[in-house]
Amino acid sequence: MRRPSRRTALTLTAAGLLTAVAVPALAVGLSAVPQGNGTQQAELVGRSVLPSATFGEQVPSGALASPANGVTTPFAAQPVQGFSGLLRDGDDWLVLEDNGYGTKANSADFLLRAVRLHIDTTTQRTTVLEGGFSLSDPDRELPFTPVRSDRRLTGADLDPESFQRMPDGTFWIGEEFGPSLVHVDATGKVLAAPVQPDGVRSPDAWDLNGAAPTLGSSKGFEGMALSPDGRTLFPMLEGAVTGDDPATRRIYSFDTRSGKYTGLKAKVRFEVAGDALGDMVALDRDRFLILERDNAQGPASQLKAVYLIDTRDRDRDGYADKRLLVNLMAMPDPQGVAGTTGGFATFPFTTIEQIAVLDDHHVLVGNDNNYPGSAGRTAGVPDDNEHVVIQVDEDLDVDRTLASR
């Protein structure tokens, strides 16, 4: 792997890029990520953890959630968990929480939010900051009545899995119940009715009206990227649509100015039909990084990986070109960042649902810990919220517009 000629540290700048500096790094954002000394194509160079038993707003939650891994339910407050989207927020980060406890039926008391985090790889501790926002529908834009009378949205209303910030400060959220795209303002207020793709409905859709679903439950818009010009969203389905090859995953194009889908951007062939999409992020208008994962955890995990896809389909087989970038189950860790004493580190979680590009050689990956249900790191112990920084030898050649966001 190409290395600077002198010992350096990596500091997150105000622009959100990791930059080599020959001075001790301060704990600002992703701070003091060390350079490794190995020759591998990808290395673990940073890690930060938010404990699983982290709670926020003092509103009871989990009345219908199942006890698991020694944790009893319900909770006296909202657990900070289920991170399924990741965006820069100055020197810190916004993470999007999903529907809560896994289904529409058991998540009516989980409030939907974007949480602001400080991810610090110096101390390896992530902290929850003030800020972020909760989702709500005070103007009655949704085509159904939310569970709560105050119209704050819960995991029984929507299942948010991905989001992008627009140039005007609003957000588009990709969710799975429709599946649909939902436009909200900077405070999380819904601005218009959700927009659903033609012919694609999950069993949890609000407008099935007796029709057969064409998508499996929890297989809707899981990842979503934004074009460099900020005008086109590329939402990607987690599962296959009825009639498609079971290993096929669709990426749509959506024009944010007209509020309409403009067709398919590409199709992606997964390694195994049962694999799921975790997240995606753009490198430019045609190249993306995606997280592909199986549904196992711990030692049973077979595939947790970052792939680079090129939607121009240069080999003309009808699918985006795809190649492995990082095997998350065998990350070289020469500096012992994960306590592996120079061996290989793993990211053995059931759901890995966050990815961001830090610069041309570093990506940030995070898990969805499904508190308290997942125990991929240690059997019988609820998973923490973890983020890792991975350095890749390949130049990702990120579009400068995207890199400056």
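In this text the structure is predicted, and so the values were computed from the model without any measurement. (Residues numbered from 1 in each chain as written. Predicted model: local features only at pLDDT ≥ 70, side-chain atom pairs only at ≥ 80, totals over all residues. Heavy atoms only, no water.)

Participant: Where do I start with the side chain of Arg151 in this structure?
Facilitator: Tracing the backbone shows Arg151 in the loop between strand 9 (133–134) and strand 10 (160–165). The class for Arg151 is buried, based on a relative accessible area of 7%. There is a polar contact of 2.6 Å between the side chain of Arg151 and the backbone oxygen of Asp137. Once residues lying within four places of it in the same chain are set aside, the contact partners of Arg151 are Ser136, Asp137, Pro138, Arg140, Phe144, Thr145 and Pro146. (Helix = DSSP H or I, 4+ residues; strand = E, 2+ residues; numbered from the N terminus. Buried < 20%, exposed > 50% of the residue type's maximum accessible area, 1.4 Å probe, protein only. Polar contact = N/O pair within 3.5 Å; in protein donor to acceptor, adjacent residues only side chain to side chain. Contact = heavy atoms within 4.5 Å.)

Participant: I'm lost on the nonpolar core in this one. Help?
Facilitator: A general trend in soluble globular proteins is that nonpolar side chains are found buried together. Among the nonpolar cores identified, the biggest contains 45 residues, and Leu289, Leu328, Val365, Ile390 and Leu396 are the most heavily contacted of them. Of all the elements, strand 19 (residues 304–310) adds the most residues to this core, at 5 residues. Setting aside residues no more than four positions away along its own chain, Leu328 makes contact with Leu291, Lys304, Ala305, Val306, Ala345, Thr346, Phe347, Ile352, Val365 and Ile390. Within the second largest apolar cluster, 23 residues are counted, among which are Leu96, Ala114, Leu135 and Phe163. (Core = buried A, V, L, I, M, F, W, Y, C linked by side-chain atoms within 4.5 Å.)

Participant: So what exactly am I meant to see when it comes to the pairing of strand 18 (residues 287–293) here?
Facilitator: Remark: a regular strand shows side chains that alternate across the two faces of the sheet. For strand 18, the tally of buried residues reaches 7 of 7 residues, placing the bulk of the element in the interior. Residues Arg287, Leu289, Leu291 and Arg293 line one face of strand 18 and the alternating positions Phe288, Ile290 and Glu292 line the opposite face, and both faces are buried. Hairpin remark: strand 17 (residues 276–282) followed by strand 18, antiparallel, with 4 residues in the connecting loop. Summarising the sheet, strand 18 and strand 19 pair through 7 bridges and their orientation is antiparallel. Across the sheet, residue Leu291 finds its bridge partner in strand 19, namely Val306. (Pairing = 2+ DSSP bridges.)

So far we have only geometry, and geometry alone does not tell us how the molecule works.
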